[in-house]
Amino acid sequence: MATLVGGFLMPHDPFMSAAPHIAPKEKVDNTMASFHRIEARIRELAADTVIIIGDDHYCIFGPHCIPRCLIGIGDVDGPVEDWLNIPQGPIANHPELARHILERGYDEGIDWSFAKALTLDHGIAVPHHLAVRSNPKLRTIPIYLNAAVVPAIRNQRAYAIGQSIRRAIESWPGSERVVVFGTGGISHWVGTAEMGRVNEAFDQRILRMVEEGDVTSIIAMTDQEIIEQGGNGALELKNWICAMGVMGALKAETIGYEAVPEWICGCGFTELKAA
Amino acid sequence: MSSNALEKAMWTIGTSPAEAEKFRQSPAAYAEQFHLDAGEKASLATLDVGDMAKRGASTLLLLMGFMAVKGPAGMGEYMQGISKK
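Residues numbered from 1 in each chain as written. Chains lettered and ligands numbered in written order. Predicted model: local features only at pLDDT ≥ 70, side-chain atom pairs only at ≥ 80, totals over all residues. Heavy atoms only, no water.

### Overview of the overall build of chain A
Here's step 1: When helices and strands are tallied, chain A shows nine helices and nine strands.
Here's step 2: Reported as C-alpha extents along the three principal axes, the dimensions of chain A are approximately 45 × 40 × 35 Å.
Here's step 3: Of all 275 residues assigned to chain A, the portion counted as buried reaches 61%.
Here's step 4: A sequence separation of at least 24 residues applies to 82% of the contacts in chain A between residues at least 6 apart. (Helix = DSSP H or I, 4+ residues; strand = E, 2+ residues; numbered from the N terminus. Buried < 20%, exposed > 50% of the residue type's maximum accessible area, 1.4 Å probe, protein only. Contact = heavy atoms within 4.5 Å.)

### So, helix α2 (residues 25–44) of chain A
Residues and elements named next belong to chain A.
Here's step 1: Here α2 is 20 residues long and its end C-alpha atoms lie 28 Å apart, about the 28 Å a rise of 1.5 Å per residue gives.
Here's step 2: Turning to α2, its buried residues number three or more, namely Val28, Thr31, Met32, Ser34, Phe35, Ile38, Glu39, Arg41 and Ile42.
Here's step 3: Buried residues belonging to α2 abut β1 (3–10), α1 (15–18), α4 (122–131), β7 (177–183), β8 (250–260) and β9 (265–274).
Here's step 4: Among the residues trailing α2, Ala46 stands out with phi positive, at a value near 55°. (Expected span 1.5 Å × (residues − 1).)

### Section: the pattern of salt bridges
Residue and element names in this part refer to chain B.
Here's step 1: For the structure on display, the rule yields 18 salt bridges over all chains.
Here's step 2: Note that Glu19 and Lys22 form a salt bridge whose closest N and O atoms lie 3.2 Å from each other. Remark: Lys22 and Glu19 occur in helix α2 (residues 17–25); sequence separation between them is three residues, near one turn of the helix.
Here's step 3: One salt bridge connects Arg24 with Glu21, and the closest N-O pair in it is separated by 3.0 Å. (Salt bridge = Lys/Arg side-chain N within 4 Å of Asp/Glu carboxyl O.)

### Considering helix α1 (residues 3–15) of chain B
All names here are of chain B.
Here's step 1: Spanning 13 residues, α1 covers 18 Å between terminal C-alpha atoms, matching the ideal 18 Å at 1.5 Å per step.
Here's step 2: For α1, the full list of buried residues reads Ala5, Leu6, Glu7, Ala9, Met10, Trp11, Thr12 and Ile13.
Here's step 3: For α1, the secondary structure elements touched by its buried residues are α2, α3 (27–31), α4 (38–45), α5 (49–54) and α6 (59–70).

### As for the interface of chain B and chain A
Here's step 1: Between chain B and chain A, the contact holds 15 residues from the first and 14 residues from the second.
Here's step 2: In this assembly, chain B and chain A are joined by zero salt bridges.
Here's step 3: At the boundary of chain B with chain A, the tally comes to six residue pairs in polar contact (both at pLDDT 80 or more).
Here's step 4: Of all the secondary-structure elements, those providing two or more residues to the side of chain B that touches chain A are α1, α6 and α7 (75–82) of chain B.
Here's step 5: Tallying contributions element by element places α6(B) first for the side of chain B that touches chain A, with five residues. (Polar contact = N/O pair within 3.5 Å; in protein donor to acceptor, adjacent residues only side chain to side chain.)

### What to know about the environment of Trp263(A)
Residues and elements named next belong to chain A.
Here's step 1: Inspection of the secondary structure puts Trp263 in the loop between β8 and β9.
Here's step 2: Owing to a relative accessible area of 0%, Trp263 belongs among the buried residues under this scheme.
Here's step 3: Put simply, Trp263 and Met195 are 68 residues apart on the chain and 9.7 Å apart in space, counted from C-alpha to C-alpha.
Here's step 4: In this view, Trp263 contacts Asp13, Phe15, Met16, Ala19, Pro20, Ile22, Ala23, Val28 and Thr31; residues no more than four positions away in its chain are not counted.

### Some details on the pairing of strand β6 (residues 139–145) of chain A
Looking down a regular strand, the side chains alternate between one sheet face and the other.
All names here are of chain A.
Here's step 1: Extensive coverage of β6 is indicated by the burial of six of its seven residues.
Here's step 2: Examined bridge by bridge, strand β2 (residues 49–54) and β6 share six bridges and lie parallel to one another. Looking across to β6, one finds that Thr49 is bridged to Arg139.
Here's step 3: Looking at chain direction, strand β3 (residues 69–78) and β6 are connected through three bridges and run antiparallel. The partner of Ile71 across the bridge, within β6, is Ile143. (Pairing = 2+ DSSP bridges.)

### Focus on the nonpolar core
Residues and elements named next belong to chain A.
Here's step 1: In terms of nonpolar packing, the biggest core is built from 53 residues, with Ile51, Trp112 and Ile165 touching the most fellow members.
Here's step 2: Ranked by the residues each element gives to this core, the list is headed by helix α9 (residues 237–247), at eight residues.
Here's step 3: Sequence-distant contacts of Trp112, that is, excluding residues within four places in its chain, are made with Cys69, Leu70, Ile71, Ile101, Leu102, Gly105, Tyr106, Ile143, Ile161 and Ile165.
Here's step 4: Residues Ala23, Ala47, Ala125 and Tyr144 belong to the second largest nonpolar core, which totals 39 residues. (Core = buried A, V, L, I, M, F, W, Y, C linked by side-chain atoms within 4.5 Å.)

### Things to note about the packing of aromatic side chains
Here's step 1: Following the criterion strictly, the structure yields six aromatic pairs over all chains and no others.
Here's step 2: With a centroid separation of 5.8 Å and an interplanar angle of 85°, the aromatic rings of Phe61(A) and Tyr144(A) are classed as edge-to-face. You can see Phe61(A) sitting in the loop between β2 and β3 and its partner Tyr144(A) sitting in strand β6, a full 83 residues away along the chain. Comparing Phe61(A) with Tyr144(A), the two get one shared label, buried.
Here's step 3: Centroid distance Phe66(B) to Tyr78(B): 5.4 Å. Interplanar angle 70°. Geometry classified as edge-to-face. Placement of Phe66(B) in helix α6 and of Tyr78(B) in helix α7 is noted, with a sequence separation of 12 residues between them. Each member of the pair, Phe66(B) as well as Tyr78(B), carries the same accessibility label: buried.
Here's step 4: Through a chain of ring-to-ring contacts, three or more aromatic side chains come together here, namely Phe23(B), Tyr30(B) and Phe34(B). (Phe/Tyr/Trp six-rings, centres within 6.5 Å; stacked < 30°, edge-to-face > 60°.)

### A word on the environment of Glu108(A)
Residue and element names in this part refer to chain A.
Here's step 1: You can see Glu108 is positioned in the loop between α3 (95–107) and β5 (113–119).
Here's step 2: Sequence-wise, Glu108 and Arg167 are 59 residues apart; in three dimensions their C-alpha atoms are separated by 10.0 Å.
Here's step 3: Leave out the neighbours within four places in its chain, and Glu108 touches Ser164 and Arg167.
Here's step 4: A distance of 2.8 Å separates the side chain of Glu108 from the side chain of Ser164, its partner in a polar contact.

Structure follows, in structure tokens:
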């Protein structure tokens, strides 16, 4: 069977690639060091497949259709945004394993939407660019949760989807070594009058809960509570919850954290390990 | 006539440079193609993001559509508009 060898939580802030220089150099360096650490750990883990869980920001899905959970099972390219300072083009998927995750989910009551030809937005493209692109052995399975447009996916459902993904990996007959990314957050306010605010106390509280493997407390937070304390962008914690669902019982180590108002975001990085 | 139509308009503008240019050429005429009441049309045509937010439109879309029309230099103007009481 395929093996889940690790997990990582990280931001997908578009400023990190589009305009990193607007932040103080020390914060830029520390943030990029966290991505380099993830790159190195993926190589140490000898991973060949990465599942990146992100959310769309009204860039690829519109008011006419907002999927609650979607998996790319075919061609993948991107990013759709031309201002990210990221080369636009094809991205290697693992269509067979992606299809298996979808089929297993169907059997378990997960109503996946799916894309046969998916163009990514920065929610997945930025982590791919900063932590995956340098490793040509990695194939990327993209998963989008609706963690940005209210009414958003429920926290418990995000976790259940993660659990289903884990069971799919464990039931896949191949020998793949898989890592999972939960992306986004932590605190940020997008497009609101508070844009530029970072709630470091909230961010540190979340990182402590992750370090303690206390996903239950994160799941218990209401969307209103998250929005009030962490901004509308902090709903992306649902992507983290899903990744923690993939991991199951876990222990975690914070890789880094920077509050970067210039990037309008609190940027937290964590490595997830099986407990 | 709803925030849904405002969101549709801002999404259309924000995801298509050609649509953004059509809006720039004639904002009032552009607003006529959506299911908007008079107040909503005026709000869209003037890119009154503060008013559109009060009407329930997503701030993700407001920011995206506004910047598509105004360009990167418009961020200050956006913040003024969205912060308006």
